[in-house]
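Here is how the chains run, residue by residue.
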Amino acid sequence: MSEMTLLEFARGPALTWAVSIFVAGVLWRLVGVLLLRTKKDLSEPRNAATWKGLRLIALRSWPRREFLGGTVFGEVMGYTFHVGFLVALFFLVPHVLFFESVFEGLLGFDFSDVFGFAWPTLPTGVITFLSAVSLAALVAVLIHRLTNPVKRLISNFDDYLSWLLTAAPLATGMLAYAHAGGARYETLLAVHILAVQALMIWFPFGKLMHAFTIFAARGAQGMIFERKGASL
Amino acid sequence: MSQTTVPEVRFDRQGDLSDAERVEKAMGNFVKDFGRTAAIWMESCIHCGMCAEACHFYEATKDPKYTPIWKLEPFKQAYKREYGPFAIFFRTLNLKSKVTARELEEWQQLLYDSCTVCGRCSLMCPMGIDIASLISQARHGMFHAGLVPQELYAVTERGHREGSPLGATPKVFMDRIEWLADDHEVDIPLDKAQAEVLCTMSSIEIMKYPDSVVATARIMNHLGLDWTFRTDGYEATNFGLLSGNAAWQKEMTLKLINAAVACGAKTLVLPECGHAYTALRWMGANMYGKPLPFRVLHMSEFLAEYVQNGRLRLRKLPKTATFHDPCQVSRRGGATEAPRVVLEALGVDLHEMYPTKGTNWCCGGGGGVVANSRANELRYKVFRIKMEQIDETGAELPVTSCANCRQTFDDGQAHFKWDKEMHSLLELVADNLVEEAK
C-alpha cells in the first residue's frame, strides 16, 4: 500500500468504520444500562428535592479534604493528562478545521454563523507543550499503576490498552507535527489518524466509557444520598 | 528452587451445592433486582484505586487486597462476562474469564470479614460508585451460594428461626422486661393494644446492655408518652440484611411494621443500632411494598426532636465528650446532627474527632464483622485507628448511638486494655433527666 493510500484509507473507510463503531458502541452500552428498570423508592425522603443531589456531579470532581492525602498524586496527574488531551483535541488548528468541516459536511451549517463566534484555537506551540505535559503525566500514571500495589492488583487488560490508546494519539500527533524521523508527513499523519481511530474503536468497550457514565454514576449516588440526607 | 507457601484461604460453606451451582446462585442472586443504578455503577470503575484510601481495613494493614472495589472483583468479572451490554463480546473473546467457586470462597473473607459496609469508600470514589451497596448486593449472591462465614450464618439463621439472633426470643424479652421493671422500679408497658409510640430494641441491648431498655422506658415515661414495647415486633437488628438474605430481611422488617400497624403507632422509635436504621428507615417501605403509615426515627433523632421542642430538658454534664458516628445512621443515614443536638443539650464540651461526621472512621464491627470471630485479629488492627482518633480529642467521654459500635468498642477496650469506655447517648440522657420537666 503506498503512503498516500494509507492516508486515504485513514481518512476514508477507516474513519467511517471507527466513527460507526464508536457511535453504535457508545449508544449500545448506554442504552443497555439506562433502559434497565429501576424500582421506586417508597421510603419517606428526608429531603424531597432529590435532584439537588445532582450537585455531586460537580462536587466529586475533587476529593474531600479528609481524603486528599493519599489521592492527591492521582488527582493532579489525572487532571493534567485529561486537560492536555482535551485542549489538544479541541483547540489545535487542524483539529478545529476538521470539526468545522464535519459541521459543514454532515450537518450542513457553518459553525461561526450558527454560534456567532469562530471555534477558538490555540497556538500550535502551546498545544505541543500541553501535549508533552499530558504525555508525561500519562507516563507517570502508568508508572504509578505498575508500581503502586493497589493499582497493580486491580489493573487489567482494559487499563493498559486504554492507556496505550490514549497515549498513542498524543505521541503520534506530536511526531506528525515535528515531522519526526525523516518519515513523510503524510505517513505520520495517517498513523496519527489511525491511532485516534483505534481509540474510538476501543472506547465503547472499556473504561474510556467513563467519559459518559461518570455523569450518570455520580448523579445516581448524589440523588440517592440526598434523599436520605446522607453525606455526599 | 525455593518453595512458595500459599496462605490458607479461610472460608465456610453451607449446604451441599456443587461448585457450579454455587457460582450460578451467587451470580444469579447478585444480579437479581439489579436495576439501572447498580448497573451504571458496575460500568463506571476506572481502577484508580482511590477507594483504598478511604477503607479502614486498607488503612490499618496497607494490604491491597482490602481495596474496596477489589472486594467485588469476581462479581465485576461475572457482570461483564454474563450480564453487561457487551457480555457477548467479553465472553466470545474470553476477555473476562469465568468465575470459579474457588474464587468466591477466597472472596468470602473480603466480602464479610473485611467490609463493614460503612460506605466511606463510596464517598471517595471519583466516579460516584456506591461501592457499599454493591457489596451488600454481592452478599446476596454469597448467601444463596452457601458461602457465608459460619458464625454470621448461624446468628442469621437463629434470628430467622427464633425471632432474634442472640436468643432474645419473645419469651426471653418478656421475662427481661419484667425483671428490669422490678429491679429498676420503672414502668415498662408491654403489648399495649394501642399506643402512639412503638419502641423497639436491639438484641445486643436486650442481652448485653439492658440498661438501654430501662433508659428507653425512663425517657418515654418522663415525656408522658403513650408508648409500648410489643412482643410481636421488638427486635430491630436484621441479620438478613447483614448476611445477604433478602427474604429473611423482609421477614424481620415486616414484624416491626405489622406490630406498629397493629397498635396504631404514629411513630416507631428504633434503638441505638446502626443497621436497624438502614433496614427499617430506608428499606422498610420498599420491603412493605408501600409507604409506611408511621414515622420511623432513630433513638438519637427522637431525643433531638424532644430536645428541640423543649419537652426534654437535661441536667448539664460538665465533661468533655466526643461522638463516634455510627456509619449507617450518620454517613449513610443522614442523621448526623441529631446526636450533636442532644449532646449540646447535655452541656458537654464536644471535642470532634478528625475526621468526623460523614467521614468519621468506622469502629470496624459493623456489617456483621463483630459477629464473626475469625475476623477478630483484623478487626483489632482496624480498631487502633479508632483509639488513636479518640485519644487525640482528649475527651473524657466517648459517646455513640449504636449498640453494635458500643459492643465493638467494649471488646476493643478489653483487648487493648484501653482506658476509654464507650457510652450510650441514650443512657446519658436517661441519667440526666430534669425531673420536673414535663
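Residues numbered from 1 in each chain as written. Chains lettered and ligands numbered in written order. Predicted model: local features only at pLDDT ≥ 70, side-chain atom pairs only at ≥ 80, totals over all residues. Heavy atoms only, no water.

### With respect to the overall build of chain A
Of regular secondary structure, chain A possesses 11 helices and zero strands. Taking the principal axes of the C-alpha coordinates as reference, chain A spans close to 65 × 45 × 35 Å. Residues counted as buried form 38% of the 232 residues belonging to chain A. Contacts spanning at least 24 positions in sequence make up 72% of the contacts within chain A whose residues lie at least 6 apart. (Helix = DSSP H or I, 4+ residues; strand = E, 2+ residues; numbered from the N terminus. Buried < 20%, exposed > 50% of the residue type's maximum accessible area, 1.4 Å probe, protein only. Contact = heavy atoms within 4.5 Å.)

### Some points on the overall build of chain B
Scanning chain B for helices and strands turns up 21 helices and eight strands. Viewed in the frame of its principal axes, chain B has a C-alpha envelope of about 75 × 45 × 35 Å. Within the span of chain B, comprising 438 residues, buried residues form 65% of the whole. Contacts spanning at least 24 positions in sequence make up 81% of the contacts within chain B whose residues lie at least 6 apart. Treating the 50 positive side-chain charges of chain B as one cloud and the 56 negative ones as another, the clouds have centres 5 Å apart. (Lys, Arg positive; Asp, Glu negative; His and termini not counted. Charge placed at Lys NZ, Arg CZ, Asp CG, Glu CD.)

### What about the packing of aromatic side chains?
The tally for this structure, following the rule as stated, stands at 36 aromatic pairs over all chains. Chaining the aromatic ring pairs together yields one cluster made of Phe90(A), Phe98(A), Phe99(A), Phe103(A), Phe111(A), Phe115(A), Phe117(A) and Trp119(A). Across from the ring centre of Trp361(B), 3.7 Å away, lies the NZ or CZ of Arg120(B), which sits over that ring. (Phe/Tyr/Trp six-rings, centres within 6.5 Å; stacked < 30°, edge-to-face > 60°. Lys NZ or Arg CZ within 6 Å of the ring centre and 35° of its normal.)

### Description of the sheet that holds strand β6 (residues 349-350) of chain B
Strand pairing within a sheet occurs via backbone hydrogen bonds; the two strands may be parallel or antiparallel. Residues and elements named next belong to chain B. Spatially, the four strands line up as an open sheet ordered β6-β5-β7-β8, and their pairing is parallel. The open sheet terminates on both sides in strands that have one partner only, identified here as β6 and β8 (423-424). Along the sheet face, helix α18 (residues 338-345) touches β5 (320-324), β6 and β7 (397-400) and points at about 165° away from the line of β5. (Pairing = 2+ DSSP bridges. Axes fitted to C-alpha atoms, helices over the stretch in contact; angles between N-to-C directions.)

### Brief notes about the interface of chain B and chain A
Interfaces are often sized by the amount of accessible area the parts lose when they come together. The interface of chain B with chain A comprises 61 residues on the first partner and 57 residues on the second. The contact between chain B and chain A buries some 5100 Å² in all, and 62% of this surface belongs to carbon and sulfur atoms. Taken together, chain B and chain A are joined by two salt bridges. A salt bridge links Arg29(A) to Glu43(B); the nearest nitrogen and oxygen atoms lie 2.6 Å apart. Breaking the side of chain B that touches chain A down by element, the ones donating at least two residues are α2 (36-42), α4 (73-83), α5 (87-92), α7 (120-124), α15 (274-282) and α16 (284-288) of chain B. At five residues, the largest contribution of residues to the side of chain B that touches chain A is made by α2(B). A class-by-class count of the residues in the side of chain B that touches chain A yields 33 nonpolar, 14 polar and 14 charged. (Buried area = accessible area lost by both parts, 1.4 Å probe. Salt bridge = Lys/Arg side-chain N within 4 Å of Asp/Glu carboxyl O. Nonpolar A, V, L, I, M, F, W, Y, C, P; charged D, E, K, R; others polar.)

### A short note on the confidence of the model for chain B
Overall, the prediction assigns chain B a mean pLDDT of 95, with 97% of residues at 70 or greater. Overall fold confidence (pTM) sits at 0.95, and the ipTM for the predicted complex is 0.95. (pLDDT = per-residue confidence, 0-100.)

### Description of the packing of helix α17 (residues 299-308) of chain B against α18(B)
All names here are of chain B. Remark: α17 packs on α18, axes separated minimally by 8 Å, with the N-to-C direction vectors making an angle of 50°. Accordingly, the angle class assigned to the pair α17 and α18 is oblique. Relative to α18, α17 is oriented so that their crossing is left-handed. Contact residues: α17 offers Ser300, Glu301, Leu303, Ala304, Val307 and Gln308, while α18 offers Ala338, Pro339, Val341, Val342 and Ala345. For the contact of α17 with α18, a count of residues per class yields eight nonpolar, two polar and one charged. (Parallel < 35°, antiparallel > 145°, perpendicular 65-115°, else oblique. Left-handed = near helix turned anticlockwise from the far one by under 90°.)

### Some points on helix α4 (residues 65-91) of chain A
Because each turn of an α-helix spans 3.6 residues, side chains separated by three or four positions in sequence point in the same direction. An ideal rise of 1.5 Å per residue puts 39 Å on 27 residues; α4(A) reaches only 33 Å between its terminal C-alpha atoms. Where α4(A) bends most, at Thr71(A), the angle is about 80°. Buried within α4(A) we find Phe67(A), Thr71(A), Glu75(A), Gly78(A), Phe81(A), Gly84(A), Phe85(A), Val87(A) and Ala88(A). As for α4(A), its buried residues are in contact with α5 (93-107), α7 (124-147), α9 (157-178) and α10 (185-202) of chain A together with α7 of chain B. (Expected span 1.5 Å × (residues − 1). Bend = angle between axes of the 7 residues up to and from the residue.)

### Re the sheet that holds strand β2 (residues 227-228) of chain B
Residues and elements named next belong to chain B. Ordered by their spatial adjacency, four strands build an open sheet running β2-β1-β3-β4, and the pairing between neighbours is parallel. Of all strands in the sheet, those bounded by a partner on one side alone are β2 and β4 (295-298). Across four bridges, strand β3 (residues 267-270) lies against β4 in parallel orientation. Across the sheet, the residue bridging to Leu268 is Val296, located in β4. Sheet contacts for α15: β3 and β4; angle to β3, the most-contacted strand, approximately 160°. The sheet strands contacting α17 are β3 and β4, and the helix crosses β4 at an angle near 95°.

### Points about the pattern of salt bridges
Pairs may arise between side chains of opposite charge once their charged atoms sit close together. According to the stated counting rule, one finds 33 salt bridges over all chains in the structure shown. The partner of Glu301(B) in a salt bridge is Arg46(A), with the nearest N and O atoms 2.9 Å apart. Of the two residues, Glu301(B) sits in helix α17 while Arg46(A) sits in the loop between α2 (13-34) and α3 (56-59), which places them in two different chains. A salt bridge links Glu226(A) to Arg55(A); the shortest N-O distance between them is 3.0 Å. Of this pair, Glu226(A) sits in helix α11 (residues 210-228) while Arg55(A) sits in the loop between α2 and α3, placing them 171 residues apart in sequence. Exposure remark for Arg55(A): the relative accessible area of 41% places this residue in the partly exposed category.

### Here we look at the nonpolar core
One broad trend across soluble globular proteins is that nonpolar side chains are buried collectively. Residues and elements named next belong to chain B. Among the nonpolar cores identified, the biggest contains 61 residues, and Phe34, Phe75, Leu104, Leu111, Ile129 and Ile131 are the most heavily contacted of them. What Ile131 contacts, discounting residues up to four positions off in sequence, is Cys51, Pro68, Ile69, Leu72, Cys121 and Ser122. Of all hydrophobic cores here, the second largest spans 49 residues; its members include Ile219, Val342, Leu343 and Leu426. (Core = buried A, V, L, I, M, F, W, Y, C linked by side-chain atoms within 4.5 Å.)

### Some words on the pairing of β7(B)
All names here are of chain B. With burial as the criterion, each face of β7 is covered, one bearing Leu397 and Val399 and the other bearing Pro398 and Thr400. Relative to β7, β5 is paired through four bridges, and the arrangement is parallel. Looking across to β7, one finds that Phe323 is bridged to Val399. Alignment of β7 against β8, held across two bridges, turns out to be parallel. Across the sheet, residue Thr400 finds its bridge partner in β8, namely Ser424.

### Topic: helix α9 (residues 150-162) of chain B
Residue and element names in this part refer to chain B. With 13 residues, α9 should reach 18 Å at 1.5 Å per residue; the first-to-last C-alpha distance of 18 Å fits that figure. Those residues of α9 that fall on the buried side of the exposure criterion are Leu152, Val155, Thr156 and Gly159. With its buried residues spanning 100° around the axis, α9 presents them on a single face. Packing partners of the buried residues in α9 comprise α6 (101-113), α8 (131-144), α13 (239-243) and α14 (246-262). (Arc of directions from axis to C-beta.)

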